[in-house]
Every structure is written in C-alpha cells, then in structure tokens.
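# Close look at the chain arrangement
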Amino acid sequence: MSAPVVLQVAASPVSPALVLRPWRMEDVAALVELSRDPDLRQWASSVVDNDADGTRWVQAQQQGWAAGDRFGFAVLEARPGSVREQLVGNVVLKEVTSGKPAAEVGYWTAAHARGRGVASRALEALTSWAFDTFEADGLERLELLHQVDNLASCRVAQKSRYDFDTILPAAPPSFPRDGHLHIRRTNA
C-alpha cells in the first residue's frame, strides 16, 4: 500500500459524514482524552493513560500499515461549521496474510459519539474496503470477536451483517469472559 487510504462515509439524514484514515501523531492528544472513558477502558486491550502511551499506540498502528498486516483507521466526524474533524472512534483490520482466508476486525467509539451509528457505519466502510482490497489475495471472511457481556458490540456486529457463529471460551488475561464470534463472508 503506497498511497494513504482514506475512506469516506456519506452523511445520513441523522448523522454527519465520517472520514476514516490512518492514525497520525497529531491524534495523540485526542486519543488520550477519549481513553479516559471508563466504558472504553473496560473493553480496550491496551491502556492509553498519557501522551507517551498514546504515541506508542499510534506508532503501533503505523507499524501495522508498514508491515501490511494490520490496518487501523482513526474515525473522524465532519462537524458542521468546523474546519477540523473530530475524532470519534477507531476501526481496524488485523491479522491480514496473503493466502489466509480470514482476518479480524475490531472497533471502538468515543463516549460522546455512541448511539449514533458511528461504529456500524465505520465498520461497513472497513468491511467493503477489506474485501475489495484483499479478496484477490484469498480473503473470504472477516471475524469479529467481543466478550459476551459487551451488548453494544454485539448490536454493531448484527447491524453490520456479521452473523453470530459461536461462543468462544474465555482466554484470560486478554479475554477474561466467554466471547462471541461473528462472521461476515465476501458474498454477504
């Protein structure tokens, strides 16, 4: 991937347009601020407490792009009357390997943006891009995992046409509770 990938999600009658782009160092301050949310911290696999943590996290996203196996997108909302876009979430395509039929998706949404369809709209854009970009390399399905008690994540999966597949046993410490596996195939 030579050119930066930027995905656009059109505005709807009730939601502003979204822009999905690779994470940048200029996102660190907003990332640290959003990471203070206790609900986000409950589900996040890595903790961002300060600028140093945020810098490491953004660098890890950039390294994934460089390696071509993990593609994290900052999700930004175009604010009416504002020059700058506001950070509202993250979507990621991970474990991408040529010839491997499956990859995984993940996401999170900022507290102030929840309940407005940000995650499902961003996930739909990521899903379309992933299949368009990697289907020729053998990508057939995307897997979405969440803990069974993360009901909001389950709703996003269902809304985004990721079918429930199975319950996965807990795998502490990363997944202290059982999880749901949802799958979306290229023809869905």
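Here, the structure is the one placed above.
Owing to the predicted nature of the structure, the values given are computational and were not obtained by experimental measurement.

## As for the overall build of the protein
Looking only at helices and strands, one finds 5 helices and 8 strands in the protein. Relative to the globule expectation of 16 Å for 188 residues, the C-alpha radius of gyration of the protein, 16 Å, shows essentially globular dimensions. With the principal axes as the frame, the protein shows a C-alpha extent of 40 × 35 × 35 Å. For the protein, with 188 residues in total, the buried portion stands at 46%. Look at the contacts in the protein between residues 6 or more apart in sequence, and 59% of them connect residues 24 or more apart.

## Let's talk about the pairing of strand 8 (residues 179–185)
In terms of burial, strand 8 is largely enclosed, as 6 of its 7 residues are buried. Pairing between strand 6 (residues 141–147) and strand 8: 7 bridges, direction antiparallel. If you follow His146 over to strand 8, its bridge partner there is His180. One ladder, built from 5 bridges, connects strand 7 (residues 163–168) with strand 8; its direction is antiparallel. Across the sheet, residue Ile167 finds its bridge partner in strand 8, namely His180.

About the thresholds
- Residues numbered from 1 in each chain as written.
- Predicted model: local features only at pLDDT ≥ 70, side-chain atom pairs only at ≥ 80, totals over all residues.
- Heavy atoms only, no water.
- Helix = DSSP H or I, 4+ residues; strand = E, 2+ residues; numbered from the N terminus.
- Rg over C-alpha atoms; globule rule 2.2 N^0.38 Å.
- Buried < 20%, exposed > 50% of the residue type's maximum accessible area, 1.4 Å probe, protein only.
- Contact = heavy atoms within 4.5 Å.
- Pairing = 2+ DSSP bridges.

Any functional reading would require information beyond the geometric quantities listed.
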